[in-house]
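Chain and residue survey
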Amino acid sequence: MDQFQMQFVSFARLVMLAMVPYVLASQGTMLGGRTGLFSVSQEGIMLVGASLGFLGAYLYGSLVYGMLLAMFVGGLFGLALAYFTTTLKMNQFVIGLSLFFIGLGLSTLFPKIVIGVTLQPPLIPTLPDVPIPGLSQIPILGDIFFNQNVLVYFAILLSIFLYYLLYKTSIGLELRSVGENPKAADSLGVNVSVMRYVTAIVGGMLMGLAGAYLPMVYTGTFTQGMVQGRGWIAIALTFFGGWSPHLIFLGALFFAGVEILALRVQVAGVGVPYQFLLTLPYIATILVMIFASRRVRAPAFLGQNYDREKRTLS
Amino acid sequence: MSEQTTELGHSIKALADTLIPYILAVVAAFAAVGIFFAAVGFDVLQAYSTILFTSFRTPNGFVQTLLKYVPLLLQALAFTVPLTAGKFNIGGEGQLIVGAIGAAAVGIMFSGLPMLLLLPMVILAGIVFGGFWAAIPAWLLYRFGINEILTTVMMNFISFSLIDYVATEIWRDPTAGHPTTVPIGAGGEFPLLVAKPPLNSGIVLALAAAVIVYVYVNRTPGGYDLVATGANARASRVFGINVRVMFLLSLIVGGALAGLSGAIEVAGVHHRLIEGLQSNFLLLGIIIGLMARGNLLAVPFVAFFIAVLEVGASAMQRTMMIPVEFVFIVEALILLFVLLSDVVRRR
């Protein structure tokens, strides 16, 4: 392999690595959105997921426990969102923000209770790479796609599965109909509330896992605010991907690419102050929103609550 | 006479109807966290008395509370004014930071000017810079219809890099360990309202802003348009109100208010720009605005209550080693219970 090829492979590998939290959080957002639930608590759920994922792994000595704990709590947040908005019919933005606050508060509270305030926080082992036999031997592609940690594979398979579920099965059709026109879906016998509860809980679990990924792959420990806006970016990314699993996956690659590029340029040192490079993902997000506002449509009933006793929608 | 009595009775009843859900929410939130406290083994009563009474035990505690009150009130207004028009400004943090940068820049560059000139310039710079930072998402909303929640949050993250650049590259104070600028000119500092313990006059500006905003929204035709837009944008458009301009202006005014709080932090509290000076004011400001249900009359009172809790929380962490986050959870729970009381009332 020549110099350029090695550079390319290592860049592409890192992009695949960095794509995971975006994919998980955005697919979770997409699921809820497809039934009309617009969550804005991603950042908070991811923070709690990062915090508890780290603590679970630290206390029980296994990353799997950390992931399960993060997903469990993420699911609880999803359940809360569904209950307050679908059953109690409260404003989705207000509830989403409240859950974001609670997640933010809990994320720093748990480590203080469990570990206490220390100068040197304990470390957990990071998620190991699991080469897939045979496939990982393919030159270039093997290194990029088949010599990664399990969550990279999971993110890819999840995106394929969700695409199949949404567009090739009747459940997917019903699910999409709830977000487009819940009244029509209801009249055809689709249980709107159940759909919303399920997507909110599964979505929350994915967001929790997305958070747990950060200490498990990047840092080995939890630090305050370590999600760094990825939860908010995931919302933009979901819009950008037109609420479709396959496009969201591509969008996640784009954002991961921006993130890695900014890091690379920073390390290489090109004379631009590093602070400006750090803003790249956020500026990219705004640009992407401008693009999405023109070309992409969101589920028609996004952000609204459905009351079957009301005559009209909205 | 009897008519007057019934009227008085009605208004007392109305006030009670408003206050009772709040009181219940506060009690319920404290009770819920208290049970957890007791289970973990903390001294619940001492913790709660520290949280509630630190502000009133010493003059210093009270001044600390007022100092905290100023940014909280302004952040809450920065969130509530756009909310009146139905828009969510989650960018108060960035607007505060950029306002603070503007104030510090003017205070440093023109440090030789006398107070009569420099202080107004510093305040104005904070307002203009904060308004500008909000104008970007406001314009994106106006021009492209882009959801303001996301863009205002993104502007926060961009502002973190900006303040870091200003405090480490442009006007860095080499003697400080933490990213900090050199001090602003003495003429840019707020005069003290009380000398000991020191209380700067920023609180006067904050309260004035609260009064002006309240009067404008509730007593002028422009304010009426704003409220109508928030109540029903579609009907307002039919009625001839340019709702998109209302969205735009309400967000910019929100940014200006947050920028003012940035200027007060620089010119009143720190006398320089310090990275991290925004603290967690944004989140608390949103909590205050939502707790007050967007009511501009209630915001100053709720903000004071939260300032008391926050000062108490720091004291509790200092003296009892109980993490401040507990109080944040209490605040979030109060908000949730206040919101839930609406649901209960609806039934």
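Residues numbered from 1 in each chain as written. Chains lettered and ligands numbered in written order. Predicted model: local features only at pLDDT ≥ 70, side-chain atom pairs only at ≥ 80, totals over all residues. Heavy atoms only, no water.

Secondary structure summary: chain B contains 13 helices and 2 strands in total. For 347 residues, the compact-globule formula gives about 20 Å, and the C-alpha radius of gyration of chain B, at 21 Å, lands near that figure. With the C-alpha coordinates aligned to their principal axes, the bounding extent of chain B is approximately 65 × 60 × 45 Å. For chain B, the proportion of its 347 residues judged to be buried stands at 54%. Looking at chain B alone, contacts between residues at least 24 apart form 74% of all its contacts between residues at least 6 apart. Looking at chain B as shown, the accessible area adds up to about 15,000 Å², and 69% of this sits on carbon and sulfur atoms. (Helix = DSSP H or I, 4+ residues; strand = E, 2+ residues; numbered from the N terminus. Rg over C-alpha atoms; globule rule 2.2 N^0.38 Å. Buried < 20%, exposed > 50% of the residue type's maximum accessible area, 1.4 Å probe, protein only. Contact = heavy atoms within 4.5 Å. Areas by Shrake-Rupley, 256 points an atom, 1.4 Å probe, with all protein chains shown as cover.)

This paragraph deals with helix 6 (residues 150-168) of chain A. All names here are of chain A. The terminal C-alpha atoms of helix 6 lie 26 Å apart, and with 19 residues this matches the ideal 27 Å at 1.5 Å per residue to within 8%. What helix 6 keeps buried is the set Leu151, Val152, Tyr153, Ala155, Leu158, Ser159, Leu162, Leu165 and Leu166. Near the N-terminus of helix 6, the side chain that reaches the backbone nitrogen of Leu151, with its oxygen 2.9 Å away, is that of Asn149. (Expected span 1.5 Å × (residues − 1). Polar contact = N/O pair within 3.5 Å; in protein donor to acceptor, adjacent residues only side chain to side chain.)

All names here are of chain A. Along the chain, Thr86 falls in helix 3 (residues 63-87). For Thr86, a relative accessible area of 6% corresponds to the buried category. In this structure, Thr86 is in contact with Leu37, Leu81, Ser193, Arg196 and Tyr197, ignoring residues within four places of it in sequence.

With respect to the helices and strands, the residue A:Ser41 is situated in the loop between helix 1 (3-34) and helix 2 (42-60). Excluding residues within four positions of it along the chain, A:Ser41 makes contact with A:Gly96, A:Leu99 and A:Phe100.

Next up on the list: the domain arrangement of chain B. Residue and element names in this part refer to chain B. If you check the domain split of chain B, you get domain 1 (1-42 + 323-347) and domain 2 (46-321). With centres defined by C-alpha atoms, the gap from domain 1 to domain 2 works out at 26 Å. Across the contact, 17 residues belong to domain 1 and 20 residues belong to domain 2. Buried surface at the junction of domain 1 and domain 2, summed over both partners, amounts to about 1,800 Å²; 72% is from carbon and sulfur atoms. Linking domain 1 with domain 2 are 1 salt bridge, by the criterion used here. The salt bridge involving Arg293 is made with Asp342; its shortest N-O contact spans 3.0 Å. Where domain 1 meets domain 2, there are 6 residue pairs in polar contact (both at pLDDT 80 or more). Breaking the side of domain 1 that touches domain 2 down by element, the ones donating at least two residues are helix 1 (2-40) and helix 13 (325-346). Looking at the side of domain 1 that touches domain 2, the element that brings in the most residues is helix 13, giving 9 residues. (Domains from an automatic or database assignment. Buried area = accessible area lost by both parts, 1.4 Å probe. Salt bridge = Lys/Arg side-chain N within 4 Å of Asp/Glu carboxyl O.)

Turning to the pattern of salt bridges, a few remarks are in order. Residue and element names in this part refer to chain B. The tally for this structure, following the rule as stated, stands at 8 salt bridges over all chains. Measuring nitrogen to oxygen at the nearest pair gives 3.8 Å for the salt bridge that ties Glu148 to Lys87. Separated by 61 residues along the polypeptide, Glu148 in helix 6 (residues 148-170) and Lys87 in the loop between helix 3 (59-84) and helix 4 (92-109) bring together distant segments of the chain. Across the pair, exposure class does not vary: Glu148 and Lys87 are buried alike.

All names here are of chain B. Axis separation between helix 5 (residues 115-144) and helix 6 bottoms out at 9 Å; the angle between their running directions is 150°. Taken together, the axis directions place helix 5 and helix 6 in an arrangement best described as roughly antiparallel. When you trace helix 5 past helix 6, the crossing you get is right-handed. For the pair helix 5 and helix 6, the contacting residues are Trp133, Ile136, Pro137, Leu140 and Leu141 in the first and Glu148, Thr151, Thr152, Met155, Ile158, Ser159 and Leu162 in the second. (Axes fitted to C-alpha atoms, helices over the stretch in contact; angles between N-to-C directions. Parallel < 35°, antiparallel > 145°, perpendicular 65-115°, else oblique. Left-handed = near helix turned anticlockwise from the far one by under 90°.)

A grouping of A:Tyr58, A:Leu59, A:Tyr60, A:Val64, A:Tyr65, A:Leu68, A:Ile113, A:Val114, B:Phe36 and B:Val40 is seen on the molecular surface, where their side chains present a nonpolar patch of about 950 Å² in accessible area. The residue A:Val64 is located in helix 3 in this model. (Patch = residues over 30% accessible without salt bridge, like charges linked within 9 Å, V, L, I, M, F, W, Y side chains within 5 Å.)

Let us look at the interface of chain A and chain B. When the parts of a complex come together, some accessible area is lost, and that lost area is often used as the size of the interface. In this assembly, 45 residues from chain A lie in contact with 41 residues from chain B. Buried surface at the junction of chain A and chain B, summed over both partners, amounts to about 3,700 Å²; 82% is from carbon and sulfur atoms. On the chain A side of the interface with chain B, the three residues burying the most area are A:Phe101, A:Trp232 and A:Gln275, jointly 17% of the side's total. For the interface between chain A and chain B, the tally reads 1 salt bridge. For A:Lys112, the salt bridge goes to B:Glu325, with nearest N and O atoms at 3.0 Å. At the surface where chain A touches chain B, the tally comes to 6 residue pairs in polar contact (both at pLDDT 80 or more). When contributions to the side of chain A that touches chain B are tallied by element, the ones reaching two or more residues are helix 3, helix 4 (92-114), helix 10 (230-240), helix 12 (274-278) and helix 13 (280-295) of chain A. Per element, the largest residue contribution to the side of chain A that touches chain B is 15 residues, and it comes from helix 4 of chain A. A per-class count over the side of chain A that touches chain B returns 30 nonpolar, 11 polar and 4 charged. (Nonpolar A, V, L, I, M, F, W, Y, C, P; charged D, E, K, R; others polar.)

Further remarks concern the environment of B:Val204. All names here are of chain B. The residue Val204 is located in helix 7 (residues 202-219) in this model. Given a relative accessible area of 46%, Val204 falls into the partly exposed group. Between the alpha carbons of Val204 and Val70 there is a distance of 9.0 Å; along the sequence they are 134 residues apart.

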